[in-house]
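Here are the chains, one letter per residue:
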Amino acid sequence: MIPSQFDYAAPESVEEALAALAEAGDDAKVLAGGQSLLPVLRMRLNAPEKLIDLGRIPALREIGEDGDHIVIGAMATHDDVLRNELVKEHALLLHKTLIEVADPQIRHRGTVGGALVHADPAGDVGTAALALDAELVIAGAGGSTRTVSAKDFFVDLFETVVQDGELLTQIRVPKHTGWGAHYEKFVRVAHQWAIVAVGATVRVDGGSIAEARVALTNMGSTPVRAEAVEQALVGKPATADAVREAAARAAEGTTPPSDLNGDAAYRKHLAGVLTRRAVLAAAGE
Ligand SMILES: Cc1cc2nc3c(=O)[nH]c(=O)nc-3n(C[C@H](O)[C@H](O)[C@H](O)COP(=O)(O)OP(=O)(O)OC[C@H]3O[C@@H](n4cnc5c(N)ncnc54)[C@H](O)[C@@H]3O)c2cc1C
């Protein structure tokens, strides 16, 4: 199917984009990489009267550092971020996660900002953002900005705190320099969306786990932090037995879906297995 007719604007600054959004009101939709939005338009699940394309705002594609944070423009593509050395050095979990997102073509078009705002519960990027305690910068009417932590950003299935008339502009990731990381994704066929996945990043000191961050994909309507596992890991040796015991708590407090790929009980089992693998791999970095 082809989409309904729409007007198109390609502003060249965030200010212009916000003004265009304010003028168009509820009938506008922001276009980033189009990898999720265009299929939605083609299926006519949404029919905005105006698309506001952020692709001509170079500032939104920059990646840099600001003190103890890595700052990623919302329009940086998955591939931009994957190839960035700062991200690899200071936010290894994000790097490892992006390797697992879709395929190279989609990684060249899709953006980290688009993936976060789209908020598919099977999406991988939100899990890394949550585990790394990322902060999301949102610009609104009149150029006002607010910063929201990843734990407060996701509201529900395909829903975040970003409102009509607002733009996600930056992802600020606290540096996790020297931390090991791994993203363990379970799929039936390569390049699919996760049935379940686990992102883990740990700081090992003298053979013991000094700090741990673990988050789960597709174990609820939003990415979920496995806090029980994190607490159980701290102070433990990075051995298979100790990690297995902690990882057994991965599904605590989760509400995974049941679908053709697996029921909730199967996903809970997977969460424990994948957490053990992810933490052991991260600790071995
Ligand atoms: C075949 C296929 C397989 C995929 N597999 C995976 C996968 O394995 N893992 C995974 O994580 N993802 C996967 N994706 C999704 C991919 O990561 C997309 O890039 C992502 O979901 C959307 O990013 P986008 O830049 O294309 O956003 P768009 O499709 O352009 O936009 C998505 C939504 O976000 C809004 N939006 C975008 N940017 C902003 C912004 N800066 N501010 C406010 N609103 C904004 C748009 O209005 C729209 O509602 C897959 C996609 C496809 C087509």
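Worth saying up front: this structure is predicted, and the values here are computed from it rather than measured. (Residues numbered from 1 in each chain as written. Predicted model: local features only at pLDDT ≥ 70, side-chain atom pairs only at ≥ 80, totals over all residues. Heavy atoms only, no water.)

Draft legend 1. Broad picture of the sheet that holds strand E3 (residues 50–53). Judged by pairing direction, the sheet is parallel, and its 3 strands sit side by side in the order E1-E3-E2 without closing on themselves. Where the open sheet ends on each side, the last strands, each with one partner, are strand E1 (7–9) and strand E2 (28–31). On average, each strand axis in the sheet is tilted by 25° relative to the strand beside it, whichever way the strands run. With 4 bridges joining them, E2 and E3 adopt parallel strand pairing. Looking across to E3, one finds that lysine 29 is bridged to leucine 51. Strands E2 and E3 of the sheet are contacted by helix H1 (residues 14–24), whose axis makes an angle of about 170° with E3. (Pairing = 2+ DSSP bridges. Helix = DSSP H or I, 4+ residues; strand = E, 2+ residues; numbered from the N terminus. Axes fitted to C-alpha atoms, helices over the stretch in contact; angles between N-to-C directions. Contact = heavy atoms within 4.5 Å.)

Draft legend 2. Summary view of the sheet that holds strand E14 (residues 224–225). Overall, antiparallel pairing links the 4 strands, which are arranged E11-E12-E13-E14 in an open sheet. Strands at the two margins of the open sheet, each flanked by one partner only, are strand E11 (180–186) and E14. Where strand E13 (residues 208–217) lies against E14, 2 bridges are found, and the strand directions are antiparallel. The partner of leucine 216 across the bridge, within E14, is valine 224. The strands that helix H5 (residues 92–99) touches are E11 and strand E12 (196–205); relative to E11, the one it contacts most, it runs at about 25°. Against the sheet, helix H12 (residues 264–283) makes contact with E11, E12 and E13, and its axis sits at roughly 30° relative to E12, the strand it touches most.

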